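# Observations on the model geometry
As a plain string of letters, each chain reads:
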Amino acid sequence: KKKKHPPLPPPRGGEPQTLACLLHVVRRLLEGATASKPHALSAYLLKHRKLLIMPVANPDGYAWNAATSPRGGGMRRKNGLKTCSSTGSTPNDGVDVNRNFGFKWAYDNVGSSSRGCSEEYRGAGPFSEPESRAIRDAAKSHAVGAILHWHGWGNDLAFPFSYDFRAAMPKHELGLFQE
């Protein structure tokens, strides 16, 4: 059985190690395809697939982490929107871009929150933030067939329909996310 391989992910601002992992994967992919004895999967992916790589999905969070924790450890995952203070400079300010996409937006208050000071604040509406709109628009304009959303924190890989752990996923799609 042949596995389908989705495109590479947009790392989150609060997980700087994810960018390092992504760059490592890209380097290995390129090295594998151009080696004297090319790696079959690397060569196949580069020849037959269009890979859209978004190195950072939350530039505000990434910049915040670099400014406040230049030696590492910054974990701000929200953008820079003023949602909790008048300056927008507190750790509680911002929208969690992961929770700002349209599918099942505001499904419940378990995985996201309507409160602007919450760590899981989902924003004023689906795609209300420029970061989530940019990802949506890139996916539409490039006719993306799948998105691999990589998380460094918690060793997680988010896949479609993660809005509820009880949500059924079609079997033909579930196979894409299992080894």
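Whatever comes next refers back to the structure up there.
What comes next concerns the included structure. (Residues numbered from 1 in each chain as written. Predicted model: local features only at pLDDT ≥ 70, side-chain atom pairs only at ≥ 80, totals over all residues. Heavy atoms only, no water.)

### Considerations on the overall build of the protein
- For the protein, the count of helices and strands is 5 helices and 2 strands.
- Traced from its N-terminal end to its C-terminal end, the protein shows the element sequence α-α-α-α-β-β-α.
- For the protein, with 179 residues in total, the buried portion stands at 31%.
- A fraction of 55% describes how many contacts in the protein between residues 6 or more apart in sequence connect residues 24 or more apart.
- With an accessible surface of roughly 11200 Å², the protein has 57% of that area assigned to carbon and sulfur atoms. (Helix = DSSP H or I, 4+ residues; strand = E, 2+ residues; numbered from the N terminus. Buried < 20%, exposed > 50% of the residue type's maximum accessible area, 1.4 Å probe, protein only. Contact = heavy atoms within 4.5 Å. Areas by Shrake-Rupley, 256 points an atom, 1.4 Å probe, with all protein chains shown as cover.)

### Observations concerning the pattern of salt bridges
- On inspection of all chains with the given rule, the structure shows 6 salt bridges.
- Arginine 77 is the partner of glutamate 119 in a salt bridge, and the nearest nitrogen-oxygen pair spans 3.7 Å. Highlighted residues: glutamate 119 in the loop between helix H3 (59-68) and helix H4 (130-141) and arginine 77 in the loop between H3 and H4, separated in sequence by 42 residues.
- Using a relative accessible area of 16% as the deciding quantity, one classes arginine 77 as buried.
- Here glutamate 120 and arginine 77 are joined by a salt bridge, their closest N and O atoms 3.4 Å apart. (Salt bridge = Lys/Arg side-chain N within 4 Å of Asp/Glu carboxyl O.)

### A short note on the state of the cysteines
- The tally for this structure, following the rule as stated, stands at 1 disulfide.
- Shown here is the disulfide that connects cysteine 84 with cysteine 117, its sulfur atoms set 1.8 Å apart. Torsion about the S-S bond of the cysteine 84 and cysteine 117 cystine: about 100°, corresponding to right-handed handedness. Residue cysteine 84 is located in the loop between H3 and H4, and its partner cysteine 117 is located in the loop between H3 and H4; the two are separated by 33 residues in the primary sequence.
- Looking at cysteine 84, the relative accessible area reads 30%, which means it is partly exposed. (Disulfide = S-S within 2.5 Å.)

### Structural notes on the side chain of aspartate 96
- Its place among the elements puts aspartate 96 in the loop between H3 and H4.
- Note on aspartate 96: relative accessible area 1%, which makes it buried.
- Within the structure, the side chain of aspartate 96 is placed 3.0 Å from the backbone nitrogen of asparagine 98, a separation counted as a polar contact.
- Setting aside residues up to four positions removed in sequence, aspartate 96 forms contacts with Arg77, Lys78, Glu119, Glu120 and Tyr121. (Polar contact = N/O pair within 3.5 Å; in protein donor to acceptor, adjacent residues only side chain to side chain.)

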